[in-house]
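Read off the chains here:
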Amino acid sequence: IHPVTKMPLAAVDEDTSELVYNCMQSRELCAILVMADAKDSKELYSDVFKDFYDYAERLRIHGMPQRDGEPALKPFAAAHPQDMKSTQTVSKRGGNCKMKHFFCHLCSCTK
């Protein structure tokens with residue numbers, strides 16, 4: 001299902017029984033994907049995923065400049081869903097009360 005139009009991305013044509021694709025190349029269907037087949041560690045986030053997190057931070061501060069006839073985009077937050085451990089590692093917050101400061105990654109609670 002297309003996230004904006006809510007139309008199916010692919011359907012079977014009743015007359016020809018062929019698979020028909022609708023709007024497969026669309027900016028609403030684009031996503032940045034970074035994967036690493038590695039053991040979870042702080043180094044993984046500071047080395048392997050560093051460029052991705054730096055890019056997301058630049059979007060948050062500067063937005064995107066105008067290019068190829070497309071308008072510039074004002075600063076915005078890029079979502080990068082991940083599991084709880086990686087969120088805590090990247091944000092340097094969380095891990096419950098074992099952390100001296102910022103023991104919650106969702107708020108600014110401190111001991």
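Higher on the page you've got the structure.
Residues numbered from 1 in each chain as written. Predicted model: local features only at pLDDT ≥ 70, side-chain atom pairs only at ≥ 80, totals over all residues. Heavy atoms only, no water.

## Focus: the overall build of the protein
Formally: A helix here means a DSSP run of H or I that spans at least four residues, while a strand means a run of E at least two residues long, and both kinds are numbered starting from the N terminus. Burial classification: accessible surface area is computed with a 1.4 Å probe over protein chains only, and a residue below 20% of its type maximum counts as buried, one above 50% as exposed, and the rest as partly exposed. Two residues form a contact once any of their heavy atoms are found within 4.5 Å. With residues, only the protein chains shown are counted as cover, and all accessible areas are computed by Shrake-Rupley using a 1.4 Å probe.
The helix and strand inventory of the protein stands at three helices and two strands. Reading the helices (α) and strands (β) of the protein from amino to carboxyl end gives β-β-α-α-α. Classification of the 111 residues of the protein by burial places 14% in the buried group. In the protein, the share of contacts with a sequence separation of at least 24, taken over all contacts with a separation of at least 6, comes to 17%. Of the accessible surface of the protein, which amounts to about 9,400 Å², a share of 57% is contributed by carbon and sulfur atoms.

## Topic: helix α3 (residues 84-91)
For clarity, the threshold we go by: To be clear, the arc concerns the directions from the helix axis to the C-beta atoms.
Among the residues making up α3, those that are buried are S86, T87 and T89. Along the axis of α3, the buried residues cluster in a sector spanning 165°; they form a single face.

## What about the nonpolar core?
For clarity, the threshold we go by: To define a nonpolar core, start from buried Ala, Val, Leu, Ile, Met, Phe, Trp, Tyr and Cys residues and group those joined through side-chain atoms within 4.5 Å.
Counting residues in hydrophobic clusters, the biggest one holds five residues: L44, Y45, F49, F52 and Y53. Elements represented by at least two residues in this core include exactly α1 (42-48) and α2 (50-62). The residues contacting L44, other than those within four sequence positions of it, are A36, A38, K39 and F49.

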